[in-house]
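Inside the fold
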Amino acid sequence: SRSSAVPNFICTLDGPGLIRINHYDPYYQSMPRIHITGNPSWDALTKVPVDLRLDDIVHQFEETFLIAGQDESTTPLIQGLVETLNARGSNSLIIPRLHPKFMDRADLIGPWRATLAKAKSHVLWVPPSISTQSIMRSVKTTVSIYSNALVEAAILGSAPVSWTSEIGRQKMGAALGGIERFPLVEAGCAVEVSTPDEFAAFLGASNNQLHLRCAHNYPNNGGNAERVVAAIEAELK
């Protein structure tokens, strides 16, 4: 949607990408050929290590959460997550990974830290030497709004949750060309919540099907770049 070009063919990430391309008005009279290839950058996720020290800590808890922070829409996420877990009273662990772009924003980082300080759950601040992707290898659930971290979580085996709000939908729409629901939700391998009750319902449900759909739609097999090359070679022939 950021380009006026009408290409002969497109390599797209997944099924939702295919649907959006097929319904994109400027392509109506000259629909490009479409190849579902995945993203070549995802191939690097096959080499993400488990941090054994962190893994030992994480596995002492029943419920474990990574907060993949973003912009102002992180505020209702943290508030809702802490409220949910405080009400449940479970043996849970929260690992905040706040966006470095906003770490010097006192108007944001202050309330975020203050809310986390009220959590009855254990809060673990993991040093930057342990990558966000490595954390995903250990935690059960990754919560964000519209971050690419949700796709990485789907690939790495951590259940992706998109916590929406009025400000979250506004920010998502501005960043993703008008989209106000994260595409993985429509693909059935991420869950959208907007209230503590909805998040509690997600935690109380069996998420086996969610993990299976993620593994099917976003396999971590390192073959995405090869599929792009194969699509280009097929088109050139």
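Refer to the preceding data block for the structure.
We now turn to the structure provided with this report. (Residues numbered from 1 in each chain as written. Predicted model: local features only at pLDDT ≥ 70, side-chain atom pairs only at ≥ 80, totals over all residues. Heavy atoms only, no water.)

The two faces of strand β6 (residues 141-144) match: Thr141 and Val143 on one face and Thr142 and Ser144 on the other face are all buried. The sheet contact formed by strand β3 (residues 63-68) and β6 spans three bridges and is parallel. Within β6, the position partnered with Phe65 by the bridge is Thr141. Relative to strand β7 (residues 159-163), β6 is paired through four bridges, and the arrangement is parallel. Directly across from Thr142, in β7, lies its bridge partner Pro160. (Buried < 20%, exposed > 50% of the residue type's maximum accessible area, 1.4 Å probe, protein only. Helix = DSSP H or I, 4+ residues; strand = E, 2+ residues; numbered from the N terminus. Pairing = 2+ DSSP bridges.)

Okay, the nonpolar core next. Among the nonpolar cores identified, the biggest contains 57 residues, and Ile95 and Phe199 are the most heavily contacted of them. For this core, the element with the highest residue contribution is helix α6 (residues 149-156), accounting for seven residues. The contacts of Phe199, once residues within four sequence positions are left out, are Phe65, Leu81, Thr84, Val143, Val161, Trp163 and Val193. (Core = buried A, V, L, I, M, F, W, Y, C linked by side-chain atoms within 4.5 Å. Contact = heavy atoms within 4.5 Å.)

Two elements in contact, helix α3 (residues 74-88) and helix α4 (residues 106-117), have axes separated by 9 Å at closest approach and are oriented at 5°. Judged on the interaxial angle alone, α4 and α3 are roughly parallel. Taking contact as the criterion, the partners of Thr74, Thr75, Ile78, Gln79 and Val82 in α3 are, on α4, Leu108, Trp112, Thr115 and Leu116. Taken together, the residues that form the contact of α3 with α4 break down as five nonpolar, four polar and no charged. (Axes fitted to C-alpha atoms, helices over the stretch in contact; angles between N-to-C directions. Parallel < 35°, antiparallel > 145°, perpendicular 65-115°, else oblique. Nonpolar A, V, L, I, M, F, W, Y, C, P; charged D, E, K, R; others polar.)

The next subject is the layout of surface pockets. Roughly 920 Å³ of volume is contained in the largest pocket. In terms of lining residues, the largest pocket is bounded by 28 residues, among which Leu13, Gly17, Arg20, Leu176 and Ile179 are the most central. Only β1 (9-12), α1 (15-22) and α8 (183-186) provide two or more residues apiece to the lining of the largest pocket. It is α1 that contributes the most residues to the lining of the largest pocket, four residues altogether. The class makeup of the residues in the lining of the largest pocket is 17 nonpolar, eight polar and three charged. Put simply, the second largest pocket is a space of about 280 Å³. Lining of the second largest pocket is provided by 16 residues; of these, Gly69, Gln70, His99, Ser147 and Asn148 occupy positions nearest its centre. (1 Å grid on protein atoms, 1.4 Å probe; cavity = no way out; pocket = protein on both sides within 12 Å on 5 of 7 lines; lining within 4 Å. Points joined across faces, edges and corners; volume = space filled by probe spheres on them.)

Once that is clear, we can look at the pattern of salt bridges. For the coordinates displayed, the defined rule picks out seven salt bridges. Residues joined in a network through salt bridges with shared partners are Glu72, Arg105, Asp107 and Lys171. (Salt bridge = Lys/Arg side-chain N within 4 Å of Asp/Glu carboxyl O.)

Counted under the stated rule, the structure contains five aromatic pairs. Relative to Tyr27, the ring of Tyr24 has its centre 4.8 Å away and its plane inclined at 80°; by these criteria the two rings are edge-to-face. Taking 6.0 Å as the distance between ring centres and 20° as the angle between the ring planes, the aromatic pair formed by Phe199 and Phe202 counts as stacked. With a gap of three residues between them, Phe199 and Phe202 both fall in helix α9 (residues 196-204), about one helical turn apart. Residue class for Phe199 comes out buried when judged on its relative accessible area of 0%. Pairwise contacts between aromatic rings join Phe65, Trp163, Phe199 and Phe202 into one cluster. Sitting above the plane of the Trp125 ring, Arg113 keeps its charged end 4.5 Å from the centroid. (Phe/Tyr/Trp six-rings, centres within 6.5 Å; stacked < 30°, edge-to-face > 60°. Lys NZ or Arg CZ within 6 Å of the ring centre and 35° of its normal.)

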